[in-house]
Amino acid sequence: MAESQKIKELISSERIAARITELGAEIAADYSGKELVLVGVLKGSFLFMADLARAIPGHDVLIDFLGLASYGDASNSSGVVQITADLTKPIAGKHVLIVEDIVDTGLTMEYLLENLRTRHPASVRLCSLLHKPERAVKQVQIDYLGFTVPDLFVVGYGLDYAQRYRNLPFIGVLE
Ligand code: PRP
């Protein structure tokens, strides 16, 4: 950890784990009897995906990822989004659940939802660990939400600041 930057814990690893257990149970019940494709949005979702997938152990689940880059400065997304790595399999006719670490302005998710719908899945829903409603530019429906967070720079549990801090086991605030 950089000596100059302090991280204050906002959401402990225990609270994250407990909430993911609840989300997993809800998702398993809602998709009962249906095959589900979990689509993780890299890089931020890698830890959330790993834990969420393990919270629905009895379910028929396929795992895929895609990479997105949004053009903007370090802390602001511009809404111009590029797919840097695409899904490995078609999703036509599949039930898709996007697994995202945070919905901030909503611009990334608006783009992704629109993009995935053109591939004719049976359904598309969104599961996001965090939501920062104060920053919303586009209203995006989050079907499964972990936590609402205030307008602070959050890092950890997959979220970065200049590519660092993704490995923290909790969500913290960069002071
Ligand atoms: C973050 C996050 C979301 C997006 C949310 O990704 O993972 O994809 O920003 O912001 P928005 O709602 O304002 O569009 P980032 O571009 O930082 O990439 P990363 O996942 O590799 O950290």
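Here the structure is a predicted model, which means the values were calculated and not measured. (Residues numbered from 1 in each chain as written. Predicted model: local features only at pLDDT ≥ 70, side-chain atom pairs only at ≥ 80, totals over all residues. Heavy atoms only, no water.)

Chemist: What is the right way to read helix α1 (residues 13-30) from this model?
Modeler: Helical geometry note: an α-helix holds 3.6 residues per turn, so side chains three or four residues apart project in the same direction. For α1, built from 18 residues, the straight-helix expectation of 26 Å at 1.5 Å per residue is met to within 8% by its first-to-last C-alpha distance of 26 Å. Taken together, the buried positions of α1 are I16, R19, I20, L23, G24 and I27. Buried residues of α1, viewed axially, fall in a sector of 150°; they line one side. Of the exposed residues in α1, the ones pointing more than 90 degrees away from its buried face are E14, T21 and A29. (Helix = DSSP H or I, 4+ residues; strand = E, 2+ residues; numbered from the N terminus. Expected span 1.5 Å × (residues − 1). Buried < 20%, exposed > 50% of the residue type's maximum accessible area, 1.4 Å probe, protein only. Arc of directions from axis to C-beta.)

Chemist: I tried to follow unusual backbone geometry on my own but got confused; where do I start?
Modeler: Negative phi values dominate among residues other than glycine, just as trans dominates among peptide bonds. The omega torsion of the bond from L42 to K43 falls at 0°, within 30 degrees of zero and hence cis. With respect to the helices and strands, the residue K43 is situated in the loop between β2 (36-42) and α2 (46-54). The residue A162 is not glycine, and still its phi comes out positive at about 50°. Residue position: A162 is located in the loop between β8 (154-155) and β9 (171-174). A positive phi is found at Q163, a non-glycine position, where the angle reads about 70°. Of note, Q163 is situated in the loop between β8 and β9. Look at Q163 and you get partly exposed, because its relative accessible area is 47%.

Chemist: So what exactly am I meant to see when it comes to the pattern of salt bridges here?
Modeler: Any two side chains of opposite charge can pair, on the condition that their charged atoms come close. Counted by the stated rule, this structure contains 7 salt bridges. Between R54 and D51 there is a salt bridge, with its nearest N and O atoms 2.8 Å apart. Here R54 and its partner D51 are both found in helix α2, 3 residues apart, which amounts to about one turn of the helix. Of the charged contacts in the structure, one is a salt bridge between R166 and D160, with a shortest N-O distance of 3.6 Å. (Salt bridge = Lys/Arg side-chain N within 4 Å of Asp/Glu carboxyl O.)

On their own, these measurements won't tell you what the molecule is for.
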